[in-house]
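# Summary of structural features
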Amino acid sequence: MLRLSDVSVDLGRHRVLDSVTFDVPPGVVVGLVGPNGAGKTTLLRTVAGMLDPVAGTIEAPSSVGYMPQLGPAAWDFPLSAGQVALQGAYRRAGWLRRPSRTDRARAGAALAAVGMEGLADRQVGALSGGQRQRVLLARALVQDAALLLLDEPLSGADAATQTQFSETLDRLRAEGRSVLISSHDLSWTAERCDLLCLLAGRVHGFGPPRETLTADRLSAVYGASLLDVGGVRILAPEGHHEHG
């Protein structure tokens, strides 16, 4: 579904991604994890075709859906949830074509899939953080893409949104679509993703969560040590010492 081979990306004079290589099979959810500044958003934008790599190759399907992170100012526009979801049809068919009845039906179905059908006419500025994330997910679903790129989709999400999102991932898997998700939540990605890509400028590990999130790799990427507290593994900053 997606193949990156020795992909490097520069932003200005700074090398953000260096020789990134991995494959994403069909029908698989891949969690993209790493600290702030690791290059997660840059990687998603590069796969989406918004940034050009300075080296390497990317093989991706012709249909790629992208859900970006949006700051508070993005929600000041006088748009309804339904109108935002319908924007996915423009990305798929072009901004100069008027949305068809089929497009509107697809937008309505996408809102229903994320539990937002009853709020289609609500101004997005009046929605909660979790509801806004669901609307953005609906917009990505309207694109009907074989590959979905989701940048921190659960940032600020409530429990209902997390549940709805997990159900959506299950449905996308069943349809044979692949999803690449960036997240800071190691626990959530380890539980919900089939594969993890541990990123910090380059790929430090790629594979099933248990094989990828090793103590040595986590320490190298996060600059932290891994402690066992009552059977629960937690990251502790370097310099932390246990007392007892």
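Our subject is the structure that appears above.
Before going into details, it helps to say that this report is about the structure given with it. (Residues numbered from 1 in each chain as written. Predicted model: local features only at pLDDT ≥ 70, side-chain atom pairs only at ≥ 80, totals over all residues. Heavy atoms only, no water.)

## Observations concerning the overall build of the protein
If you tally the helices and strands in the protein, you get eight helices and eleven strands. Out of the 244 residues in the protein, the part that is buried amounts to 46%. Taking the intrachain contacts of the protein between residues at least 6 apart in sequence as the baseline, contacts between residues at least 24 apart amount to 63%. Counting only carbon and sulfur atoms, one obtains 49% of the accessible surface of the protein, whose full area is about 12,100 Å². (Helix = DSSP H or I, 4+ residues; strand = E, 2+ residues; numbered from the N terminus. Buried < 20%, exposed > 50% of the residue type's maximum accessible area, 1.4 Å probe, protein only. Contact = heavy atoms within 4.5 Å. Areas by Shrake-Rupley, 256 points an atom, 1.4 Å probe, with all protein chains shown as cover.)

## A short note on the sheet that holds strand E1 (residues 2-11)
Taken in spatial order, the three strands make up an open sheet running E2-E1-E4, and their pairing is antiparallel. With partners counted over all chains shown, the strands left at the sheet margins are strand E2 (14-24) and strand E4 (55-59), one partner each. Pairs of neighbouring strands in the sheet enclose a mean axial angle of 25°, with direction left out of account. Bridge analysis of E1 against E4 gives four bridges, and the strand direction is antiparallel. Looking at the pairing, Ser-8 lines up with Ala-55 of E4. The sheet strands contacting helix H1 (residues 40-47) are E1, E2 and E4, and the helix crosses E1 at an angle near 115°. (Pairing = 2+ DSSP bridges. Axes fitted to C-alpha atoms, helices over the stretch in contact; angles between N-to-C directions.)

## Some remarks on the environment of Glu-191
Examined against the element boundaries, Glu-191 turns out to sit in helix H6 (residues 186-192). Given the relative accessible area of 60%, Glu-191 is considered exposed. With 18 residues separating them in the primary sequence, Glu-191 and Pro-209 have C-alpha atoms 8.1 Å apart.

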